Amino acid sequence: MLTVATWNVLHRVHAENYTEPVTVRWPDETDRVDAIAAVLARRPEQVVALQEVSGDQLAALHGLHFTVHAYRYSRVPAVRRTDPHLQDRGEHLVILTAGPSRAVAGESFAGDPGKGLLAVAAFDALIVCTHVGFGPAAGRQLARLAAASSDRTVLLGDFNADAATVSAGLGPDFTVAGTAPGSLPTRPGARVPDIDHVAVRGGAAHPARVEDANGLSDHNLLSAAVHW
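Residues numbered from 1 in each chain as written. Predicted model: local features only at pLDDT ≥ 70, side-chain atom pairs only at ≥ 80, totals over all residues. Heavy atoms only, no water.

With an unreviewed UniProt entry as reference, the chain is termed Endonuclease/exonuclease/phosphatase family protein, source organism Dactylosporangium vinaceum.

Take a look at the structure:
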């Protein structure tokens, strides 16, 4: 069994640009960065995948008990409203592992420099953290994720689509873990409320559990157990 979690922690620039409630609840980004790191320090999973990780947040993760793998996008989020006062506005995909692991690949999707994948080899599987875009490009990006997979793969991330769409885009080799009836949404208030997923090739995942982020992000955290 492999225990995994995924969480879009919301880059501060995006939060400010879209006036997310987190900017009111956490006016000082340093405090939010530390609070997110404290939550992750208590996580029991063997693998945690994170999306929208700022450079400031990444720096805070290096003090945790996990091995930290990161992929930095080529584009830096543009400030359109309030200055987020970050030391490093870069944006990353991150995989935290509580065991031996090796970086395999990191890439931005073609034509979409703010979305992509990060892959590491860990626990006898390929672990992939991803952030998939909206619209027509999503189909191509899901196909790229399927092509980049191995016989034993766990995909974790923000897919910006419901489970049925993700399943169709990845193809029959993958199983997308559902959530228990009555679960919290992974993206509260969104038109499609469940857009964060755990997808498995070569195994299966028990129903995933959604945990309240308590206002730290616009996404809740999703965790699951994978069996081979």
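Trainee: Help me out: how do you make sense of the packing of aromatic side chains in this one?
Mentor: To describe a pair of aromatic rings, one takes the distance between the centres and the angle between the planes. A full pass over the atoms with the stated rule returns one aromatic pair. Relative to Tyr 73, the ring of Tyr 71 has its centre 5.9 Å away and its plane inclined at 90°; by these criteria the two rings are edge-to-face. Each member of the pair, Tyr 71 together with Tyr 73, is buried. (Phe/Tyr/Trp six-rings, centres within 6.5 Å; stacked < 30°, edge-to-face > 60°. Buried < 20%, exposed > 50% of the residue type's maximum accessible area, 1.4 Å probe, protein only.)

Trainee: Looking at this structure, I do not really get the sheet that holds strand E7 (residues 125–131). What am I missing?
Mentor: Across a sheet, strands are paired by hydrogen bonds formed along the backbone, either parallel or antiparallel in direction. Pairing in this open sheet of six strands is mixed, and the strands run E5-E6-E7-E8-E10-E9 from one edge to the other. Where the open sheet ends on each side, the last strands, each with one partner, are strand E5 (101–109) and strand E9 (174–176). Between one strand axis and the next, the sheet turns through 20° on average, direction left out of account. Two strands pair when backbone bridges link them, and E7 and strand E8 (residues 153–158) are joined in this way by six bridges, in the parallel orientation. By the bridge assignment, Ile 127 is partnered in E8 with Val 154. (Pairing = 2+ DSSP bridges. Helix = DSSP H or I, 4+ residues; strand = E, 2+ residues; numbered from the N terminus. Axes fitted to C-alpha atoms, helices over the stretch in contact; angles between N-to-C directions.)

Trainee: What is the right way to read the nonpolar core from this model?
Mentor: It is characteristic of soluble globular proteins that their nonpolar side chains tend to be buried jointly. Grouped together as the largest cluster of nonpolar side chains are 24 residues, with contacts concentrated most on Val 4, Ile 127, Val 154, Leu 156 and Val 198. The set of elements that each furnish at least two residues to this core consists of strand E1 (2–8), strand E2 (47–54), strand E4 (91–97), strand E6 (112–122), E7, E8, strand E10 (196–201) and strand E13 (221–227). Excluding its chain neighbours within four sequence positions, the residues that come into contact with Ile 127 are Leu 2, Val 47, Ile 95, Leu 118, Ala 119, Val 120, Ala 122, Val 154 and Leu 156. In this structure, Val 48, Val 53, Leu 64 and Val 68 belong to the second largest nonpolar core, which totals 19 residues. (Core = buried A, V, L, I, M, F, W, Y, C linked by side-chain atoms within 4.5 Å. Contact = heavy atoms within 4.5 Å.)

Trainee: Looking at this structure, I do not really get the pairing of E4. What am I missing?
Mentor: Of all seven residues in E4, seven are buried; the element is thus mostly enclosed. With six bridges joining them, strand E3 (residues 67–72) and E4 adopt antiparallel strand pairing. Looking at the pairing, Tyr 71 lines up with Leu 93 of E4.

Trainee: How should I be thinking about the pattern of salt bridges in this particular structure?
Mentor: Opposite charge on two side chains permits pairing when their charged atoms draw close. By the definition in use, this model includes twelve salt bridges. For Glu 29, the salt bridge is made with Arg 32, and the minimal N-O distance between the two is 2.9 Å. Taken together, the residues span about one helical turn, with Glu 29 and Arg 32 both in helix H3 (residues 29–41) at a distance of three residues. Note on Arg 32: relative accessible area 1%, which makes it buried. Its salt-bridge partner being Glu 107, residue Arg 144 comes within 2.9 Å of it at the nearest N-O pair. Separated by 37 residues along the polypeptide, Arg 144 in helix H5 (residues 137–147) and Glu 107 in strand E5 bring together distant segments of the chain. (Salt bridge = Lys/Arg side-chain N within 4 Å of Asp/Glu carboxyl O.)

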